[in-house]
Amino acid sequence: MERIERGEFIEHFETERLRKDGSRVNVSLTISPIRNAEGKIIGASKVARDITARKEEDRRKNEFIALLAHELRNPLAPLRNGLQVMRLTSGDANAVAQARAMMERQLGHMVRLVDDLLDISRISRNKIELRRARVVLAEVVSSAVETGRPAIEAAGHDLTVSLPHQPIFLDADLTRLSQVFSNLLTNSAKYTKRGGHVWLSALRQQNRVIVSVRDTGIGIPAADLPTIFDMFSQVDRSIERSTGGLGIGLALVKALVEMHGGTVAATSAGPDKGSVFTVTLPVLESVSEPGERDPSEDTRVARGPRRRVLVVDDNRDSANSMAMMLQLVGDEVMVAHDGIEAVETAAHFRPQFILMDVGMPRLNGLEASRRIREQPWAKDLTIVALTGWGQPGDRVQSRAAGCDGHLVKPVNLADLEKLLAELTRRHSTAGKQ
């Protein structure tokens, strides 16, 4: 009251109030003095705003951030332990192999976490564009099962897949739709006690197909069913923490299914009675057979002759490890650690391929690519942006700077080999025209 009498303006004073029914409500109070024509304070105005929803959202976001920190730290411990094991047992091939396999699993886990976060961000900003094509449902499911099977087998579950005998064609982005079903499969694996059962089945009904993922897991309480697909939604914090994950997989599923013109729903008979997630999608009426598969889509790419590769990255560990990997598969490799050094090294090394980081000191990778492209000897050179920046706008910028391809770190060697082989074929075809 003293502050009101002094004429001070009070805002964002948060407190709790009781409703008539006895429930509590979070409110933000704004109190300010009321003056008469002479400027004398004759009263006070008070505006109360209900901020219960905002406080709840803030709480869920804070819990999510804490969970994110927990999940990102988890793989770091075995990664560091694995490095120590490899250092201490360098002569024990079996121990090194086990440590390497463990580190690959943990790195894959971290990559999936980051990818999910990026996908959620892109979807919330309407930045995801589907690469639609005519695909077969069986191919989508096969890809999803390949991704989800390790989690299912690690938990000792049985997996049963049942699809119609007749092919079902969809107008869909194979990768994104596969992500939907792999997320549902891994979700079932995570929330089902060891030795359970997971079923994936599909049924065509006129111009749509209904795909269900069912499990014998912990089930979903009835109160949580309406919000199970919401962002930051968690059914059970203790279970989420023990099984790992950020709780955003189902939000991704819903967004991607709706982008394909479909719907997704969840049902459960209750705790410990399993869950059923049902995805309904429109079906293409075309009955023609799918075209021949492009050989460039094969996961494994045959190695060509030895290549000269320049690796450019200001992170020395990243550059040197990439160089080591390429040398092990037979390439001649040189390394540069900034844009200026990249331009100078390329001039005398004359590489066939440059793996170019983007964010670097002295001269960034985009400007370095432009300068290299200006040289007459760079006509047939292939430059691939290899960077942590992977938004659509980043890819546009790298293309404008003269890069032939764009890969996002961390990159799998098979993906790198595939892109380099594809770009080589493309340049070869263009040169003959």
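A brief report on the enclosed structure follows. All values derive from a computational prediction rather than experimental measurement.

1. Regarding the overall build of the protein chain
Right, so step 1: For the protein chain, the count of helices and strands is 12 helices and 15 strands.
Right, so step 2: Within the span of the protein chain, comprising 433 residues, buried residues form 39% of the whole.
Right, so step 3: Taking as baseline every contact in the protein chain between residues at least 6 positions apart, the subset at least 24 positions apart corresponds to 63%.
Right, so step 4: A total accessible area of about 24800 Å² is found for the protein chain, and carbon and sulfur atoms account for 51% of it.

2. Some details on the packing of helix α4 (residues 137–154) against helix α5 (residues 174–190)
Right, so step 1: One can describe the packing of α4 onto α5 by two numbers: an axis separation of 8 Å at closest approach and a directional angle of 35°. Handedness of the α4/α5 crossing: right-handed. Along the contact surface, α4 presents E139, V140, S143, A144, V145, T147, G148, A151 and I152, while α5 presents L174, L177, S178, F181, S182, L185, T186 and A189.

3. Focus: the pattern of salt bridges
Right, so step 1: Applying the stated criterion across every chain, the model contains 12 salt bridges.
Right, so step 2: Notably, a salt bridge pairs D313 with K409, separated by 2.7 Å at the nearest N-O pair. Residue D313 is located in the loop between β11 (308–312) and α8 (316–328), and its partner K409 is located in the loop between β15 (405–408) and α12 (413–432); the two are separated by 96 residues in the primary sequence.
Right, so step 3: On the basis of relative accessible area, D313 is assigned to the buried category, the value being 4%.
Right, so step 4: Look at K409 and you get partly exposed, because its relative accessible area is 29%.

The rules we used
Residues numbered from 1 in each chain as written. Predicted model: local features only at pLDDT ≥ 70, side-chain atom pairs only at ≥ 80, totals over all residues. Heavy atoms only, no water. Helix = DSSP H or I, 4+ residues; strand = E, 2+ residues; numbered from the N terminus. Buried < 20%, exposed > 50% of the residue type's maximum accessible area, 1.4 Å probe, protein only. Contact = heavy atoms within 4.5 Å. Areas by Shrake-Rupley, 256 points an atom, 1.4 Å probe, with all protein chains shown as cover. Axes fitted to C-alpha atoms, helices over the stretch in contact; angles between N-to-C directions. Left-handed = near helix turned anticlockwise from the far one by under 90°. Salt bridge = Lys/Arg side-chain N within 4 Å of Asp/Glu carboxyl O.

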